[in-house]
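Residues per chain, in single letters:
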Amino acid sequence: MVDAPRLFNFLPMDDYAVSPMAGHIDAPFFADIDRRSIKSELPLNKHLLEAAARTAALAALSIVDGKMELPESSVIDLAAWSGGHSSIASVAGSLLIGARGVSLTNM
């Protein structure tokens, strides 16, 4: 886990641009002119955060399935998103559950 996870737009953004997961996210976000923060509701930024959530969910499943040799504790770091972004992560998780043929109604 990173002590102060942040968003990056090629370079680190301001301390207020906190990553929603326990790690850094670097993407070509549409940032304010001073590159200190992003507006997560903009379509491009929302798309990039959703892609990061899907990637994190796939990486977590790869660890669980033994396809990536990383500590199992990394699964929590990849899956636990915070703030207003937790809904994005849950959508990514639901997509992956569906891709594995698991029905939430059967659980």
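Parameters and conventions
Residue numbers run consecutively from 1 along every chain, following the written order of its sequence. Under the rules for a predicted model, residues below a pLDDT of 70 receive no local features and side-chain atom pairs below 80 are neither given nor counted, while totals for whole chains, interfaces and linings still include all residues. Only hydrogens and water are removed before side-chain values are computed, so all heavy atoms of the structure are retained for them. Strands here are runs of E lasting at least two residues and helices are runs of H or I lasting at least four, both read from the DSSP assignment and numbered beginning at the N terminus. Classification of residues uses two cut-offs on accessible area relative to the type maximum, computed with a 1.4 Å probe and protein chains only: under 20% is buried, over 50% is exposed, and between them is partly exposed. Here, Shrake-Rupley sampling with a 1.4 Å probe gives the accessible areas, and only protein chains in the shown set may cover a residue. Just to be clear on terms, a salt bridge is a Lys or Arg side-chain nitrogen sitting within 4 Å of an Asp or Glu carboxyl oxygen. Nonpolar cores were defined as sets of buried Ala, Val, Leu, Ile, Met, Phe, Trp, Tyr and Cys residues, with membership established by side-chain atoms within 4.5 Å. Pairs of residues are marked as contacts when any of their non-hydrogen atoms sit within 4.5 Å. You can read pLDDT as the predictor saying how much it trusts each residue, on a scale of 0 to 100.

### With respect to the overall build of the chain
No. 1: Within the chain, the regular secondary structure consists of three helices and three strands.
No. 2: Relative to its full complement of 107 residues, the chain shows a buried share of 36%.
No. 3: Counting every atom, the chain has about 6900 Å² of accessible surface; 61% of that belongs to carbon and sulfur.

### Comments concerning the pattern of salt bridges
No. 1: Scanning the entire structure with this criterion turns up three salt bridges.
No. 2: Of the charged contacts in the structure, one is a salt bridge between Arg6 and Asp15, with a shortest N-O distance of 2.5 Å.
No. 3: Residue Asp15 is classed as exposed on the basis of its relative accessible area, which comes to 56%.
No. 4: For Asp32, the salt bridge identified is with Lys39, shortest N-O distance 2.7 Å.
No. 5: Look at Lys39 and you get partly exposed, because its relative accessible area is 40%.

### A word on the nonpolar core
No. 1: Residues Leu7, Ile25, Phe29, Ile38, Leu78 and Trp81 are the most contacted members of the largest nonpolar core, which totals 20 residues.
No. 2: Going through the elements one at a time, α1 (43-64) and α2 (73-79) are the ones with two or more residues in this core.
No. 3: The biggest single contributor to this core is α1, with eight residues.

### Comments concerning the environment of Leu78
No. 1: Take Leu78: it is sitting in helix α2.
No. 2: Assessed through its relative accessible area of 18%, Leu78 is described here as buried.
No. 3: Through-space distance from the C-alpha of Leu78 to that of Pro20 is 10.0 Å; in sequence the pair is 58 residues apart.
No. 4: Look past the residues within four positions of Leu78 in its chain and what remains in contact with it is Met21, Ala56, Ala59, Ala60 and Ile63.

### With respect to the confidence of the model for the chain
No. 1: Summary statistics for the chain give a mean pLDDT of 80 and a share of 78% for residues scoring 70 or more.
No. 2: In the model of the chain, helix α3 (residues 86-99) stands out as the element of lowest mean pLDDT, 62, in contrast to strand β3 (residues 25-26), which has the highest, 92.

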